[in-house]
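Chains, contacts and geometry: an overview
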Amino acid sequence: MAGDFVKHKKDSDMMSVWSYFLVAKDGNSAKCKRCPSILKTLGGSTKGLHTHLSTKHNIKVISASTSQDTENLNTAPPAKRKLDDYFTKTKSDDDNLDDVLARMIALDGFPFSVFITSDNLRKLLLAKYTDLPKSAVTIQNAL
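Residues numbered from 1 in each chain as written. Predicted model: local features only at pLDDT ≥ 70, side-chain atom pairs only at ≥ 80, totals over all residues. Heavy atoms only, no water.

Notes on the nonpolar core
Val 17, Trp 18, Tyr 20, Phe 21, Leu 49 and Leu 53 are the most contacted members of the largest nonpolar core, which totals 13 residues. Counting only elements with at least two residues in this core, the list comes to β2 (21-24), β3 (29-32) and α1 (47-57). Ignoring any residue separated from it by four or fewer positions in sequence, one finds Leu 49 in contact with Val 17, Trp 18, Phe 21, Ala 30, Leu 39 and Thr 41. Counting 11 residues, the second-largest nonpolar core is a separate cluster that includes Val 100, Phe 115, Leu 125 and Tyr 129. (Core = buried A, V, L, I, M, F, W, Y, C linked by side-chain atoms within 4.5 Å. Buried < 20%, exposed > 50% of the residue type's maximum accessible area, 1.4 Å probe, protein only. Helix = DSSP H or I, 4+ residues; strand = E, 2+ residues; numbered from the N terminus. Contact = heavy atoms within 4.5 Å.)

Printed below as a string of structure tokens:
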């Protein structure tokens, strides 16, 4: 049923696993472009697609959001931080909002957009800071 699969919107992005698969029109499965395998993608999960490419075709796709410098690939992951760690008193309790956002983005991989879309995170930030950015671009430009 070749007509049931179409190119994914990220098909042309070589850093995306979707450049190797066609997506089913219902979004619940994907067909490998290199072999006849059809894999489930329930809930939008791509783990199975990555595993298939790695085990069957010896291809490892490292997306921009998960890639690291090659020198950091063999190091232990940073210790997980609790959200409270960003708001506890430090040596310089005058951390400005830009410093807090920069640490959350650079050290813990928070995307710029989460500070705009997460109501709970915005409420938490408003407890200490009065003027929150209104767009991810504003945050990106500040950093």
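Things to note about the environment of Lys 134
Looking at the element boundaries, Lys 134 is found in the loop between α4 (119-126) and α5 (136-142). Remark: the alpha-carbon pair of Lys 134 and Thr 117, spanning 17 residues in sequence, is separated by 9.6 Å.

Observations concerning the environment of Ala 24
For Ala 24, the position within the fold is in strand β2. Residues Ala 24 and Lys 40 lie 16 residues apart in sequence; the distance between their C-alpha atoms is 9.5 Å. Setting aside anything within four residues of it in sequence, one finds Ala 24 in contact with Asp 4, Phe 5 and Ser 29.

Side note on unusual backbone geometry
Residue Asn 58 is not a glycine yet carries a positive backbone phi of 55 degrees. Inspection of the secondary structure puts Asn 58 in the loop between α1 and α2 (97-106). Residue classification places Asn 58 among the exposed residues on the basis of a relative accessible area of 71%.

Remarks on α1
Along α1, the residues that are buried comprise Leu 49, His 52 and Leu 53. Angular distribution of buried residues about the axis of α1 spans 95 degrees; they occupy a single face of the element. Of the exposed residues in α1, those oriented more than 90 degrees away from the buried face are Lys 47 and Thr 55. Buried positions along α1 lie against β2, β3 and β4 (38-40). Following α1 by one or two positions, Asn 58 has its phi on the positive side, about 55 degrees. (Arc of directions from axis to C-beta.)

Regarding the side chain of Arg 122
Tracing the backbone shows Arg 122 in helix α4. For the buried Arg 122, no salt bridge is present, and the opposite-charge side chain at shortest range is Asp 119, 5.9 Å distant. A distance of 2.9 Å separates a polar atom in the side chain of Arg 122 from the backbone oxygen of Pro 133. Setting aside chain neighbours within four positions, we find Arg 122 in contact with Phe 115, Ile 116, Leu 132 and Pro 133. (Lys, Arg positive; Asp, Glu negative; His and termini not counted. Salt bridge = Lys/Arg side-chain N within 4 Å of Asp/Glu carboxyl O. Polar contact = N/O pair within 3.5 Å; in protein donor to acceptor, adjacent residues only side chain to side chain.)

Regarding the pairing of β3
Two strands pair when backbone bridges link them, and β2 and β3 are joined in this way by three bridges, in the antiparallel orientation. What sits directly across from Leu 22, in β3, is Lys 31. As consecutive antiparallel partners, β2 and β3 are separated by four residues, and within that stretch Gly 27 has a phi angle of approximately 75 degrees, a positive value. Alignment of β3 against β4, held across three bridges, turns out to be antiparallel. Bridge pairing in β4 links Lys 31 to Ile 38. Where β3 folds back onto β4 in an antiparallel hairpin, the turn is made up of five residues. (Pairing = 2+ DSSP bridges.)

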